[in-house]
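Survey of secondary and tertiary structure
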Amino acid sequence: MSEQRCAVVAVIGAPNAGKSTLVNTLVGAKVAAVTQKVQTTRTLVRGIAMRGDVQLILIDTPGVFAPKKRLERAMVAAAWSALEGADAIVHVVDAAAHVGKGKSKGGDAHSVADAARIAQTLKAHETASILVLNKVDAVPRPELLALTAALVEQSLYTDVFMISAKSGDGVDDLARVLTERAPEGPWLFPEDQTMDAPARVLAAEITREKAFLRLHEELPYELIVETDAWEERKDGSAKIDQTLFVAREGQRKIAIGAKGAAIKAIGEAARKEMEAAFDRRIHLFLNVKVRENWTEERALYQRLGLDWDA
C-alpha cells in the first residue's frame, strides 16, 4: 500500500478570474458559488479533490483587488491569509480580460491591474507560484504567448498552464503537477468528502448564488443569506428555512419581485441544486428582510471567518 500524500493548494487571483470554477472542476463537484458578478466568494472555501492516494485541499479565496470598504478589506485579507502554510499557490489570471476579450476591446483595466498587483506582491515576498491562464479559448494564440511572456517577467512562477476552467481543458495537466508535488502526509478529510463546510453553510451559499444570478442587474453586493433552521424529517427529506438580508427596503422589494416572482424563482433554483448536492428531497422556505449596515456588524464578520480589523 502506497503512502498517503496531502497538499494544501491556495488558489488566488483577481475578481472573476475563474478561481471558483477551477476549484469546482478540480473537485468534480460544486463547492463554491459561480456567477458573472465579481467578488461572489467572500470567505475561504475549501474544496477537497482526490487523485489516487493524494488528497488536494483547494482553498478558493475571495478576489484580490484594491479594497475601499471594510468588507472588501476583510475579503482581501482573507485571500492573502490562505497563502500561509500552503504547499502550493495557484495564481489564476483571466487571459481574455488582458487582451481585449473582456469588458471592452481594451480589456478589463481593473482585472489587469489586480493581476499585476498580485504578481508583484508574490514576487516581493519571494513566494513561488503556478501561473494559470484561464479562458484561453477566447484568446488568439499570438496574443496569449505575448501575455504569458509579460506575466512571467512580473513574478516567480515555477510553471505556466493554459486552461479553460469552465470546459475543463488543461485542468487535468494542472492537477497532475499538483498531485506529483504533494508531500507525504495523512489525509486531512475522509476521501468521500468534497467540501470543508457544514451543510447549512453550503445551503446558504447555493441560495446566495441563485439570488445573484437572478438579480445581478438590480441588486448590488449588499446581500447575505443565513440558514435559520434545518429540520430532519422522518421520510429522509429536510426542511430548510433561510433568510435573505438586504440593506434597504427598496432592495427587499426587488428581491421579492412582482407578486413574489423573483424570490419564487430563486427558491426553485436553489432547491433543485440542494437536492442534487445533498441527494435528498428538500423543502426550502425563503424570507427576505432588511438589515441596514450589515456590512458593519462585527459578529457577522466572525461568523463569516473574516477579520473585522483588516
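Residues numbered from 1 in each chain as written. Predicted model: local features only at pLDDT ≥ 70, side-chain atom pairs only at ≥ 80, totals over all residues. Heavy atoms only, no water.

**Description of the side chain of Gln242**
Within the secondary structure, Gln242 is located in strand β8 (residues 238-246). Leave out the neighbours within four places in its chain, and Gln242 touches Ala203, Ala204, Thr207, Val225, Glu226, Thr227, Asp228, Met274, Leu284, Phe285, Leu286 and Asn287. (Helix = DSSP H or I, 4+ residues; strand = E, 2+ residues; numbered from the N terminus. Contact = heavy atoms within 4.5 Å.)

**What about the sheet that holds strand β9 (residues 282-290)?**
Strand order in this open sheet of 3 strands is β7-β8-β9, and the pairing throughout is mixed. Strand pairing shows two members of the sheet lacking a second neighbour, β7 (223-232) and β9, which therefore form its edges. Put simply, the sheet's adjacent strands are angled 20 degrees from each other on average, direction ignored. The pairing of β7 with β8 spans 9 bridges and is antiparallel. For Ala229, the partnering residue across the bridge sits in β8 and is Asp241. The strands that helix α8 (residues 249-256) touches are β8 and β9; relative to β9, the one it contacts most, it runs at about 155 degrees. The strands touched by helix α9 (residues 261-278) within the sheet are β7, β8 and β9, with β9 carrying the most contacts at an inclination of about 135 degrees. (Pairing = 2+ DSSP bridges. Axes fitted to C-alpha atoms, helices over the stretch in contact; angles between N-to-C directions.)

**Notes on the nonpolar core**
Counting 26 residues, the largest nonpolar core has Val9, Leu22, Leu58, Val90, Val132 and Leu178 as the members making the most contacts within it. Where this core is concerned, the elements lending two or more residues are β1 (5-13), α1 (19-27), β3 (54-60), β4 (88-94), β5 (129-134) and α6 (171-180). With 5 residues, the single largest contributor to this core is α6. What Val90 contacts, discounting residues up to four positions off in sequence, is Val9, Ala10, Val11, Ile12, Leu22, Ile130, Val132 and Leu178. (Core = buried A, V, L, I, M, F, W, Y, C linked by side-chain atoms within 4.5 Å. Buried < 20%, exposed > 50% of the residue type's maximum accessible area, 1.4 Å probe, protein only.)

**Things to note about the confidence of the model for the protein chain**
Across the protein chain, pLDDT averages 82, with 79% of residues at or above 70. Across the protein chain, element-level confidence peaks in α6 with a mean pLDDT of 96 and bottoms out in helix α10 (residues 298-304) with 66. Every residue in residues 35-42 is under pLDDT 50, and counting partners more than four places away or in other chains gives 42 contacts. Note that pLDDT drops below 50 for residues 101-107; the model gives that stretch 10 contacts with residues more than four away or on any other chain. (pLDDT = per-residue confidence, 0-100.)

**Focus on the pairing of β8**
In terms of burial, β8 is a largely internal element, 8 of the 9 residues being buried. Following β7, the chain reverses through 5 residues before pairing antiparallel with β8; Gly236 in that reversal takes a positive phi of roughly 95 degrees. Strand direction decides the pairing type here: β8 and β9, joined by 9 bridges, are parallel. Within β9, the residue paired with Thr243 across the bridge is Asn287.

**What about the environment of Met274?**
Position of Met274 relative to the elements: it lies in helix α9. Exposure remark for Met274: the relative accessible area of 0% places this residue in the buried category. Sequence separation of Met274 and Ala204 is 70 residues, and the distance between their C-alpha atoms is 9.8 Å. Aside from chain neighbours lying at most four places away, what touches Met274 is Ala203, Ile206, Thr207, Ile240, Gln242, Asp279, Ile282 and Leu284.

**Some points on the pattern of salt bridges**
As enumerated under the stated definition, the model contains 14 salt bridges in all. As a salt-bridge pair, Lys210 and Glu209 come within 3.4 Å of each other at their nearest N and O atoms. Here Lys210 falls in the buried class, since its relative accessible area comes to 14%. Assessed through its relative accessible area of 3%, Glu209 is described here as buried. (Salt bridge = Lys/Arg side-chain N within 4 Å of Asp/Glu carboxyl O.)

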